[in-house]
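Now for the letters of each chain:
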Amino acid sequence: MSEAAIELVELKKYFPVSNGFGKGRSYAKAVDGISLTINKGEIVGLVGESGSGKTTLARVILRLTDITSGTVIFDGVDLSKATRAQMKDMRTRVSVVFQDPASNLNPRETVLSSIMRPLIIHGINRKDAKEMASKAMSLVKMDARYLYSYPHQLSGGQLQRIAIARALVMNPKVMILDEPTSALDISVQAQILNLLLDLQEQLGLTYLVITHDLNVIRYISDRIAVMYLGRLVEFGPTQEVLDNPRHPYTKGLMAASPILNPHDRGREKYMMEGEPGSLINLPSGCHFHPRCPYATERCRTEAPMDVKISELHQVNCFMAE
Ligand code: SF4
């Protein structure tokens with residue numbers, strides 16, 4: 001049986017938002033009761049439009065922001081009950097790579113200083129830290145001479161390799177990749193995705209890949225999680241979901257993906273209408289009902305439950321009942 005690397009149980013993250021002077025406050029429900037398990041050695045792709053809460057979910061897992069309610073279990077340890085030592089250990093074993101590598105590197109620091117910094121913070125001496133930085137560079141297939149470069153001297157692809165080296169240097173078990181290729185040219189995107197797949201296999205890593213690009217998900221992930229306005233609406237094996245999407249939102253995302261199904265050109269497709277809406281004024285019932293062509297009165301008043309349609313495939317829609 002697969003062993004869980006990360007388990008999320010009914011996870012919620014609400015941000016308070018002022019309604020104006022004397023009018024109290026509302027909440028932006030960026031993550032609204034998400035439960036999912038990512039197994040060790042697995043790649044899960046998290047997809048959804050901008051504002052669906054994907055990045056907030058990553059920040060909650062990384063504990064960069066507090067949880068409103070629910071639980072994050074990392075390698076069997078409930079982080080809400082973790083000791084200081086367990087939290088410190090978790091911070092070295094989960095790392096993150098963001099979309100824009102240039103913004104994560106100090107323009108006044110050499111690559112070496114940037115990669116060494118997390119090691120120095122964790123008390124590793126400079127000599128060992130330098131050796132570990134060189135090893136991380138070789139893992140991302142970059143010559144050690146680039147350690148003495150500054151960010152402005154490097155291309156977008158080289159910067160993303162360095163961001164990955166920096167994430168690898170602490171020897172993590174889990175990596176969260178937030179739009180890892182969307183700032184890159186298309187030819188470089190493929191190189192970075194292949195590098196990530198090689199590293200995952202070589203080091204036995206677990207990935208959570210956050211993206212709005214279904215082509216990236218199809219290429220890299222074992223399972224796909226689809227998020228809409230703070231909720232998980234579909235979760236299952238990538239091939240199964242993409243071949244047979246069951247949630248109307250997943251179908252809409254696929255229809256909107258220009259390269260995914262070139263053979264579908266000319267065929268009639270369900271095109272989603274409207275904008276995703278706001279996390280502050282969420283629609284009642286099923287959050288997707290204002291855009292859903294199949295919405296009924298029940299969808300406007302009642303929130304659907306997750307329905308299992310196969311062992312690993314679940315859908316949050318009344319039509320799947
Ligand atoms: Fe559409 Fe209703 Fe399903 Fe929501 S529950 S996706 S509104 S059919």
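Shown above is the structure to which this text applies.
Read on for a plain summary of the structure. Just so we're clear, the structure is a prediction, and the values are computed from it rather than from any experiment. (Residues numbered from 1 in each chain as written. Predicted model: local features only at pLDDT ≥ 70, side-chain atom pairs only at ≥ 80, totals over all residues. Heavy atoms only, no water.)

Ile115, Met137, Ile164, Met175, Leu199 and Tyr207 are the most contacted members of the largest nonpolar core, which has 41 residues in total. Per-element accounting of this core gives the leading share, seven residues, to helix α6 (residues 156-168). Setting aside residues up to four positions removed in sequence, Met137 forms contacts with Val111, Ile115, Met142, Asp143, Tyr146, Leu147, Ile162 and Ala165. Judged by nonpolar contacts, the second largest core, of 30 residues, contains Ala5, Val60, Met90 and Val174. (Core = buried A, V, L, I, M, F, W, Y, C linked by side-chain atoms within 4.5 Å. Buried < 20%, exposed > 50% of the residue type's maximum accessible area, 1.4 Å probe, protein only. Helix = DSSP H or I, 4+ residues; strand = E, 2+ residues; numbered from the N terminus. Contact = heavy atoms within 4.5 Å.)

Strand pairing in a sheet takes place through backbone hydrogen bonds and is either antiparallel or parallel in direction. In spatial order, the strands read β2-β1-β4-β5; together these four strands make up an open sheet with antiparallel pairing. Every interior strand has two partners, whereas the edge strands, β2 (25-39) and β5 (77-78), have only one. In this sheet, strand β4 (residues 69-74) lies alongside strand β1 (residues 4-18) in antiparallel orientation, the contact comprising five bridges. Looking across to β4, one finds that Leu8 is bridged to Val72. Packing against the sheet, helix α1 (residues 54-61) makes contact with β1, β2 and β4, and its axis sits at approximately 115 degrees to β1. (Pairing = 2+ DSSP bridges. Axes fitted to C-alpha atoms, helices over the stretch in contact; angles between N-to-C directions.)

Glancing now at the packing of helix α4 (residues 111-121) against helix α5 (residues 126-139). Across the interface, α4 lies against α5 with an axial gap of 9 Å and an inter-helix angle of 120 degrees. It follows that α4 is oblique to α5 by the angle criterion. Between α4 and α5 lies a crossing whose hand is right-handed. Side by side, α4 and α5 meet where Val111, Leu112, Ile115, Met116, Leu119 and Ile120 of the first sit next to Arg126, Ala129, Lys130, Met132, Ala133 and Met137 of the second. Residue composition of the contact of α4 with α5, grouped by class: ten nonpolar, no polar and two charged. (Parallel < 35°, antiparallel > 145°, perpendicular 65-115°, else oblique. Left-handed = near helix turned anticlockwise from the far one by under 90°. Nonpolar A, V, L, I, M, F, W, Y, C, P; charged D, E, K, R; others polar.)

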